[in-house]
Amino acid sequence: MAVSKKRILFIIMDGMGDRACPELGGKTPLQAVDTPNIDWFVSKGNSGIMDVISPGIRPGSDTAHLSLLGYNAKEVYTGRGPFEAAGIGLIGRKGDVAFRCNFGTVDSDLNILDRRAGRIKAPDTTELVRSLSDIMIKGVEVTVREGTEHRAALLLRGPGLSSLVTDADPHDTAKVLESKPLVPEAALTAEVLNEFVRISYERMKDHPVNRKRREAGLPEANILLPRGAGSFPDIDPFPQVNGMSAACVAGVGMIKGICGVCGLDVIDLPPACTGGSDTDMILKTRIALETLEHYDFVLMNFKAPDVCGHDMMYAKKMEVIRKADVAAKYLRENMPEDMVVVFTADHSTPSTTGDHTGDPVPLTIYTDGMIQDDAEEYSEYGCAKGRLGRIRGHDLLPICMDLANRSEKFGA
Ligand code: ZN
Ligand code: ZN
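Colleague: Which parts of the structure should I look at to understand the coordination of the zinc ion (ligand 2)?
Modeller: Perfect tetrahedral coordination of a metal by four donors corresponds to 109.5 degrees between them, and perfect octahedral coordination by six donors corresponds to 90 or 180 degrees. Taken together, Asp306 (OD), Asp306 (OD), His310 (NE2) and His356 (NE2) make up the protein donors of the zinc ion (ligand 2), found 2.0 to 2.5 Å from the metal. The metal-metal distance between the zinc ion (ligand 2) and the zinc ion (ligand 1) is 4.6 Å. In this pair, Asp306 sits in helix α12 (residues 304-310) while His356 sits in the loop between β12 (339-344) and β13 (361-366), placing the two residues 50 residues apart along the sequence. Pair check on accessibility: Asp306 and His356 agree, each one buried.

Colleague: Quick question: what am I supposed to make of the coordination of the zinc ion (ligand 1) here?
Modeller: On the protein side, the zinc ion (ligand 1) has Asp14 (OD), Ser61 (OG), Asp346 (OD) and His347 (NE2) as donor atoms, found 1.9 to 2.0 Å from it. For the zinc ion (ligand 1), the 4 donor atoms are set out with angles of 101 to 127° between them, so the coordination reads as tetrahedral. Each donor residue of the zinc ion (ligand 1) lies on one chain, and together they are spaced D-x46-S-x284-D-H.

Colleague: Could you clarify how one ought to interpret the side chain of Glu380 in this entry?
Modeller: In this structure, Glu380 sits in the loop between β13 and β14 (389-392). Looking at Glu380, its side chain comes within polar contact range of the main-chain nitrogen of Asp18, at 2.9 Å. Side-chain polar atoms of Glu380 contact the side chain of Thr28, separated by 2.7 Å. Sequence-distant contacts of Glu380, that is, excluding residues within four places in its chain, are made with Met16, Gly17, Asp18, Thr28, Leu30, Ile49 and Pro362.

Colleague: Honestly, the pairing of strand β3 (residues 97-106) in this entry has me stumped. Any pointers?
Modeller: A regular strand places its side chains on the two faces of the sheet in alternate fashion. Counting buried positions along β3 yields 9 of 10 residues, so the element is predominantly enclosed. As defined by bridge partners, β3 adjoins strand β7 (residues 151-157) across 6 bridges and the pair is classed as antiparallel. Paired with Val97 across the bridge in β7 is Leu156. Pairing of β3 with strand β8 (residues 223-231), which is carried by 7 bridges, proceeds in the antiparallel orientation.

Colleague: Would you take a moment to explain helix α10 (residues 253-261) for this structure?
Modeller: Each turn of an α-helix holds 3.6 residues, which means side chains three or four residues apart point in the same direction. Regarding α10, the residues found buried are Ile255, Gly257, Ile258, Cys259, Gly260 and Val261. Here the buried face of α10 lies against α3 (61-68), α5 (81-87), β9 (246-249), β10 (265-266) and β11 (297-302). Positioned one or two residues after α10, Gly263 has a phi angle of 90°, which is positive.

Colleague: Which parts of the structure should I look at to understand the layout of surface pockets?
Modeller: Regions of empty space are outlined by a rolling probe, equal in size to a water molecule, passed over the atoms. Put simply, the largest pocket is a space of about 880 Å³. Elements that contribute at least two residues to the lining of the largest pocket include exactly α5, β3, β7 and α10. Summarising the domain contributions, the lining of the largest pocket has at least three residues from each of domain 1 (7-77 + 235-403) and domain 2 (84-231). If you add up the space inside the second largest pocket, you get close to 230 Å³. Along the wall of the second largest pocket there are 13 residues; nearest its centre are Leu69, Gly70, Tyr71, Val241 and Asn242. Among the elements of the structure, α9 (238-242) and α14 (393-403) are those that each provide at least two residues to the lining of the second largest pocket. The leading source of residues in the lining of the second largest pocket is α14, at 4 residues. Residues belonging to the lining of the second largest pocket are distributed by class as follows: 8 nonpolar, 3 polar and 2 charged.

Colleague: Just to check I follow, could you spell out the environment of Gln372 for this structure?
Modeller: With respect to the secondary-structure elements, Gln372 resides in the loop between β13 and β14. In this structure, the C-alpha to C-alpha distance between Gln372 and Asn46, residues 326 residues apart in sequence, is 6.8 Å. Sequence-distant contacts of Gln372, defined by excluding residues within four places in its chain, comprise Ser43, Lys44 and Arg387.

Colleague: I tried to follow the pattern of salt bridges on my own but got confused; where do I start?
Modeller: One side chain can pair with another of opposite charge once the charged atoms of both are near each other. Applying the stated criterion across every chain, the model contains 24 salt bridges. The salt bridge involving Arg80 is made with Glu84; its shortest N-O contact spans 2.6 Å. As a salt-bridge pair, Asp206 and Arg214 come within 3.6 Å of each other at their nearest N and O atoms. Classification of Asp206 by relative accessible area gives partly exposed; the value is 45%. Among the ionic contacts, a cluster of salt bridges with common partners joins Asp14, Lys303 and Asp306.

Colleague: What exactly am I supposed to notice about empty space enclosed by the protein here?
Modeller: The full count for this structure, using the stated rule, is 2 cavities of 30 Å³ or more. Its boundaries defined by the atoms lining it, the largest cavity holds a volume of some 50 Å³. Lining of the largest cavity is provided by 14 residues; of these, Val52, Ile57, Pro59, Gly358 and Asp359 occupy positions nearest its centre. Split by residue class, the lining of the largest cavity holds 7 nonpolar, 5 polar and 2 charged. Lining of the second largest cavity is provided by Ile11, Met13, Thr285, Met300, Phe302, Ala324, Ala327, Ala328, Leu331 and Phe343. Secondary structure elements with two or more residues in the lining of the second largest cavity: β1 (7-13), β11 and α13 (314-334). With 4 residues, α13 is the single largest residue contributor to the lining of the second largest cavity. Residue composition of the lining of the second largest cavity, grouped by class: 9 nonpolar, 1 polar and no charged.

Colleague: I tried to follow the sheet that holds β10 on my own but got confused; where do I start?
Modeller: Either a parallel or an antiparallel arrangement is found when strands of a sheet pair, and the pairing is made through backbone hydrogen bonds. Across the sheet, 8 strands lie side by side as β10-β9-β11-β1-β12-β13-β2-β14; this open sheet has mixed pairing. Bordering the open sheet on either side are β10 and β14, each of which pairs with just one other strand. Bridge analysis of β9 against β11 gives 4 bridges, and the strand direction is parallel. What sits directly across from Ala247, in β11, is Val298.

Calculation notes
Residues numbered from 1 in each chain as written. Chains lettered and ligands numbered in written order. Predicted model: local features only at pLDDT ≥ 70, side-chain atom pairs only at ≥ 80, totals over all residues. Heavy atoms only, no water. Donors = N, O, S within 2.8 Å, 3.2 Å for Na, K, Ca; no water. Helix = DSSP H or I, 4+ residues; strand = E, 2+ residues; numbered from the N terminus. Buried < 20%, exposed > 50% of the residue type's maximum accessible area, 1.4 Å probe, protein only. Tetrahedral: all angles 85-135°; square planar, octahedral: opposite > 155°, others 65-115°. Polar contact = N/O pair within 3.5 Å; in protein donor to acceptor, adjacent residues only side chain to side chain. Contact = heavy atoms within 4.5 Å. Pairing = 2+ DSSP bridges. 1 Å grid on protein atoms, 1.4 Å probe; cavity = no way out; pocket = protein on both sides within 12 Å on 5 of 7 lines; lining within 4 Å. Points joined across faces, edges and corners; volume = space filled by probe spheres on them. Domains from an automatic or database assignment. Nonpolar A, V, L, I, M, F, W, Y, C, P; charged D, E, K, R; others polar. Salt bridge = Lys/Arg side-chain N within 4 Å of Asp/Glu carboxyl O.

Structure below.
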């Protein structure tokens, strides 16, 4: 008899793992907060702890998410640049080179007067970016997309490109730099980049937006300053690799970028899903459930715990945990039966260190009809009692695929 395939929901509570807080009598924020709803999933599911990359390795959110999506992060990762570009909608493919950019203010000798053009923002940046469309240099297609405030991203697409070039942005109020190739094969890329910087100045220096800014006494945004070249990684699309349609529900640009580059559909979220600690977690959970009506796999990311960890605010992290538990209640009451649900984190961001650490993260996998284990409480300590033991991040997806009746048999 054929068993029916289940849908899979990953709930990634970014940076949720923590260490013993002296203020909490040696407990972690997860241990200190009562989470009856997440604990319901723990008591019915299987738990364990997980080294998202491998033991002791401190993951970035980008490499961690690659690992959770089943990729070997050490093989496919080419730097953060491409994911940041993808996060604002510039989703490239293998061979494309992406840069982060600032709108800057320069004088006619290209001396930088302000590296952020007075922290210019939309709608001015929207109009300026529009003036940079349709640029083709030496057979290379150039695309610019605006980011938040004075930030933008640049994508080069064409044969023979390389990310091994130096920045045009001097990262200081100095003269705009000529980009240089770091290897002979990168000569074309440096040439295209330098030509693009010149074109950006030519097209923007007398743009109506800048004429208006000049009259208002504001710094003009008359140049784009590219930095941080990165090649788009060669990643086989997640839906093809795993035979599942897949989407991501995330508020943060970089997470959206990683998922987009891996071939997941990036769902547009309402402004209430901010990606900060004020985000509406119930609304996000509702959107994830609605998305699962059309997709086999959804990755949902809550950024808030990571923000609290970086700010070293254990009390705020506890507040976020309470909110996550209310969202888990909503999930419990509204989810369909044929689901595999995962509660985990992409890495630990302890409130005592203020940055990511290599500590393993708590993990719970729930689906209907699992063998019971001894874990009862969702925390770094409580999950360690479960029967999943200690696994690595890239093992998570195969385990879930198996529970979802979606795995291919290995052998006869
Ligand atoms: Zn993270
Ligand atoms: Zn972080």
